[in-house]
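# Coordinate analysis (summary)
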Amino acid sequence: MTHRKPVIAGNWKMNTTPSEGRDLALEIAKGVSDFPGVEVIVCPPFTGLANVSRTVESSNVLVGAQNVSAEPSGAFTGEVSTAMLDELVSHVIVGHSERRALFGETDEDVAAKAIAVHSAEMKPIVCVGESLDTRKSGNAVGWVREQLRASLDGYAGWGSLIVAYEPVWAIGTGEAASPQQAQEIIGELRSELVELAGQEAAEQIRILYGGSVNSNNIGPFVDRPDIDGALVGGASLQAAEFVSIVENTARVYGNPA
Ligand code: 13P
């Protein structure tokens, strides 16, 4: 069993009003209090962050944002800076495939955001993952390794980094990768991190799987040697289901309540 503490992070995407978010966070905080061996992070939309961070203040739930600007301040209408988030969150998701595909974020943008997050003493959750075409072409390993390298160009905050491997074809489809497929790529990502950060640092970095994770399929993922948890979309919007994912992770790690 690995020495790395598992992480279960919920990406709420563009769901929940501020009051819905508060209620969901409250239910989750109550439900996961028995599982301190799992690091639990919820990532509401920006408008929910203030409510949620207040709600989980005295619980073992951490809060993350779903995006951030790499710019420190100024004339960037509609953007949110690291300084604004710093009072509310400990983590920030950067480079989610939806940001890359729908909002044109490049590897260079993602690297700049990851660096900005670390400079502001928060922790980036850097997402990578191949499309279905890339997987069919047979080059998923090389492609994702290169995407990770480029998405961390200039980044040096290895102790703060979380990586999420989310194959695009598995997101929101109900078709999760198999635990073997996820382990294969995540093992390769850890090798890439060894090249970038050195053996010792790379062994401490948590790498998550994301894509159609639920309480029924989480166990075999976190049972794999290099998979340190999950980034959960749809199933993170139901408190009982999300808590079950946390519980089943705790069980695999040998510390059920
Ligand atoms: P689903 O769990 O809904 O497939 O979403 C995964 C995801 O994109 C989490 O960031």
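Here the structure is shown first, and the text comes after it.
Thresholds, definitions, all that
- Residues numbered from 1 in each chain as written.
- Predicted model: local features only at pLDDT ≥ 70, side-chain atom pairs only at ≥ 80, totals over all residues.
- Heavy atoms only, no water.
- Pairing = 2+ DSSP bridges.
- Helix = DSSP H or I, 4+ residues; strand = E, 2+ residues; numbered from the N terminus.
- Axes fitted to C-alpha atoms, helices over the stretch in contact; angles between N-to-C directions.
- Contact = heavy atoms within 4.5 Å.
- Salt bridge = Lys/Arg side-chain N within 4 Å of Asp/Glu carboxyl O.
- Buried < 20%, exposed > 50% of the residue type's maximum accessible area, 1.4 Å probe, protein only.

### Brief notes about the sheet that holds strand β5 (residues 123–128)
Around the barrel, eight strands lie side by side as β1-β2-β3-β4-β5-β6-β7-β8; this closed barrel has parallel pairing. Here the strands of the sheet are splayed against their neighbours by 25° on average, with no regard to which way each runs. Most of the contacts of helix α8 (residues 179–197) go to strand β7 (residues 206–210), to which it runs at about 150°, and overall it touches β5, β6 (162–165) and β7. In this fold helix α11 (residues 239–252) packs onto β1 (7–11), β2 (39–43) and β8 (229–232), with an angle of close to 165° to the strand it touches most, β1.

### Quick word on the pattern of salt bridges
Within the structure shown, the criterion is met by 17 salt bridges. Ionic pairing is found between Glu27 and Lys30, a salt bridge with its closest N-O pair at 3.5 Å. With Glu27 and Lys30 both in helix α1 (residues 18–32) and three residues apart, this pair spans about one turn of that helix. Taking the relative accessible area as the measure of exposure, Glu27 reaches 42% and is therefore partly exposed. You can call Lys30 exposed: its relative accessible area is 55%. Between Arg149 and Glu195 there is a salt bridge, with the nearest N and O atoms lying 2.9 Å from each other. Note that Arg149 is positioned in helix α7 (residues 140–151) and Glu195 in helix α8, a separation of 46 residues in sequence. Three or more residues are tied together by salt bridges with common partners; here these are Arg145, Arg149, Glu188, Glu192 and Glu195.

### Section: the environment of Pro225
In this structure, Pro225 sits in the loop between α10 (218–222) and β8. For Pro225, a relative accessible area of 54% translates into the label exposed. For the pair Pro225 and Ile186, spaced 39 residues apart in the sequence, the C-alpha separation amounts to 9.5 Å.

### So, unusual backbone geometry
The phi angle at Lys13 is positive, at roughly 50°, despite the residue not being glycine. Relative to the helices and strands, Lys13 resides in the loop between β1 and α1. For Lys13, a relative accessible area of 21% translates into the label partly exposed. With a phi angle near 65°, Glu121 is a residue other than glycine that sits in the positive phi range.

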